[in-house]
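Structure at a glance
Listed here are the chains, written in short residue letters.
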Amino acid sequence: MIKARGLARSFSARGRTVDAVRGVDLDVGAGELVGFLGPNGAGKTTTLRMLTTLLRPTSGEATVAGRDLLADPSGVRARIGYVAQGGGTGADCKVAEEIELQGRLYGLSKAEALRRGGELSERLDLTGLGDRLTKTLSGGQRRRLDIALGLIHSPGLIFFDEPTTGLDPQSRANLWEHIHRLHADHGVTVFLTTHYLDEADALCDRILVIDNGELVAEGSPDSLKARVSGDAVEVGTQPDQVAAAAAIARDLPGAHEVTELPGRVRFRVPRGNTATPTLLRAFDTAGIAATSMEVRRPTLDDVFLTLTGRSLRDAETAPNEETADVA
Ligand SMILES: Nc1ncnc2c1ncn2[C@@H]1O[C@H](COP(=O)(O)OP(=O)(O)OP(=O)(O)O)[C@@H](O)[C@H]1O
């Protein structure tokens, strides 16, 4: 569905060149649900805008939905759906009119646009909202309308740019369900960008991790997490027993990254649930009292940290100098 080679885009701003995307190769198969994960400014939107024909690459080539991106952009546009960040609905239009207009823009007859609109309204829980002005919709309803608009011409491939940004947790979960069904029940190929780790984890079959305009990893959420060596264990103890507790942790088979913190010790072991009974027995023998214990499977944030040396959350709060300069 998507095959891109060396896709790159630079911008000139204030006499400086920003390499927003630096030669990305992508392969997305039919029926996949792929997430493009990275911090703010990583190059996600720029890549998406290139793949959807909205921005011309500085270099590279791509085939999207069976059409050449550079030679046949209108062919690509006819075969894809795009749900942009913030959506594109007109504020003073009624929901049903907006859907019909979108259908007519894609060359459907009035009857076909109405039929398809009815089908999508039902599928996306918009039934009964046809007479409402789009500006009166809730955030979740508006986002579902944006999806209906993106699907009006029955594309086999749909792009979402940060689909749940700004939504409350319940609307996010509801939208995940709709995106999941699009893919599972209707076989639509989905490519979405997100900077939410939980979203990528919950929704995507495969994740591409982008940082500073380059792909740094790809794989299923589980295979990416398996790259992080082991579970994280954190055990609380009395402040004066931290050093002794850390010494015991260091003796556990496969223990590494043992860190002494005020009133607690943190480390990694290959399997947390088998290491902790051994640890507690050794604590007993040494007269150390554990005041708390937490075992955590690796998260996608751990993956990002392992790959880039930064936490995804830190990367978001501290954009690189180049980004800050241009923005
Ligand atoms: N039109 C532009 N002119 C100059 N620089 C730009 C332009 N568009 C994007 N950039 C820069 O390119 C880099 C990548 O931006 P992009 O919007 O693709 O990132 P992103 O990963 O989508 O981030 P976000 O999650 O914030 O949307 C950033 O440094 C950004 O400032």
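Definitions and limits used
- Residues numbered from 1 in each chain as written.
- Predicted model: local features only at pLDDT ≥ 70, side-chain atom pairs only at ≥ 80, totals over all residues.
- Heavy atoms only, no water.
- UniProt positions renumbered as here; feature names shortened; annotations may be inferred.
- Pairing = 2+ DSSP bridges.
- Helix = DSSP H or I, 4+ residues; strand = E, 2+ residues; numbered from the N terminus.
- Near = heavy atom within 4 Å.
- Polar contact = N/O pair within 3.5 Å; in protein donor to acceptor, adjacent residues only side chain to side chain.
- Areas by Shrake-Rupley, 256 points an atom, 1.4 Å probe, with all protein chains shown as cover.
- Domains from an automatic or database assignment.
- Contact = heavy atoms within 4.5 Å.
- Axes fitted to C-alpha atoms, helices over the stretch in contact; angles between N-to-C directions.
- Core = buried A, V, L, I, M, F, W, Y, C linked by side-chain atoms within 4.5 Å.
- Buried < 20%, exposed > 50% of the residue type's maximum accessible area, 1.4 Å probe, protein only.

Within an unreviewed UniProt entry, the label attached to the protein chain reads ABC transporter, and the organism entered is Amycolatopsis antarctica. Of the protein chain, the UniProt comment under Sequence similarities (unreviewed entry) reads exactly: "Belongs to the ABC transporter superfamily." Its UniProt record gives the protein chain the following Subcellular location (unreviewed entry) comment, quoted word for word: "Cell membrane".

**Looking at the pairing of strand 10 (residues 214-219)**
If a strand is regular, its side chains alternate between the two faces of the sheet. When strand 9 (residues 206-211) meets strand 10, the two strands line up antiparallel, connected through five bridges. Its bridge partner being in strand 10, Ile207 is matched across the sheet by Gly219. The hairpin turn running from strand 9 into strand 10, its antiparallel successor, is two residues long, and Asn212 in that turn takes a positive phi close to 50°.

**Quick notes on the site of the ligand**
Neighbouring residues of the ligand: 14 residues in total, closest Gly41, Gly43, Lys44, Thr45 and Thr46. Ala42 places a main-chain nitrogen or oxygen 3.0 Å from an oxygen atom of the ligand. At 3.3 Å from an oxygen atom of the ligand is found a side-chain nitrogen or oxygen belonging to Glu162. Within the complex, 74% of the 630 Å² of free accessible area of the ligand lies under protein.

**Considering the domain arrangement of the protein chain**
For the protein chain, the assigned domains are domain 1 (2-225) and domain 2 (229-297). Computed from C-alpha coordinates alone, the two centres of domain 1 and domain 2 are separated by 44 Å.

**Some points on unusual backbone geometry**
Of note, the phi angle at Arg14 is positive, near 50°, even though the residue is not glycine. Note that Arg14 resides in the loop between strand 1 (2-13) and strand 2 (16-28). The backbone phi angle of Thr53 is positive, close to 75°, even though this residue is not glycine. Inspection of the secondary structure assignment puts Thr53 in the loop between helix 1 (44-51) and strand 4 (59-64).

**Thoughts on the sheet that holds strand 4**
Whether parallel or antiparallel, the strands of a sheet pair through hydrogen bonds between backbone atoms. Taken in spatial order, the four strands of this open sheet run 2-1-4-5, and their pairing is antiparallel. Edge positions in the sheet fall to strand 2 and strand 5 (67-68), since each of these pairs with one other strand and no more. Note that strand 1 and strand 4 share five bridges and pair antiparallel. Bridge assignment links Lys3 to a residue of strand 4, and that residue is Thr63. The strands that helix 1 touches are strand 1, strand 2 and strand 4; relative to strand 1, the one it contacts most, it runs at about 120°.

**Notes on the nonpolar core**
In terms of nonpolar packing, the biggest core is built from 40 residues, with Ile147, Ile158, Phe160, Leu192, Ile207 and Leu300 touching the most fellow members. The residues touching Leu300, leaving out its near neighbours within four places in the chain, are Leu37, Leu197, Ala200, Asp201, Ile207, Pro221, Leu224 and Lys225. Counting residues in each nonpolar core, the second largest holds 26 residues, with Ala4, Leu48, Ala65 and Leu157 among its members.

**Here we look at the sheet that holds strand 14 (residues 290-296)**
Strand order in this open sheet of four strands is 12-13-11-14, and the pairing throughout is antiparallel. Lying at the two open borders of the sheet, with one neighbouring strand each, are strand 12 (256-261) and strand 14. Going across the sheet, the axis of each strand differs from the next one's by a mean of 15°, ignoring polarity. Inspection of the sheet shows strand 11 (residues 231-237) paired to strand 13 (residues 264-269) by six bridges, in the antiparallel sense. Looking across to strand 13, one finds that Val233 is bridged to Phe267. Across the sheet, helix 10 (residues 272-286) touches strand 11, strand 13 and strand 14, and the angle it forms with strand 14 is around 165°.

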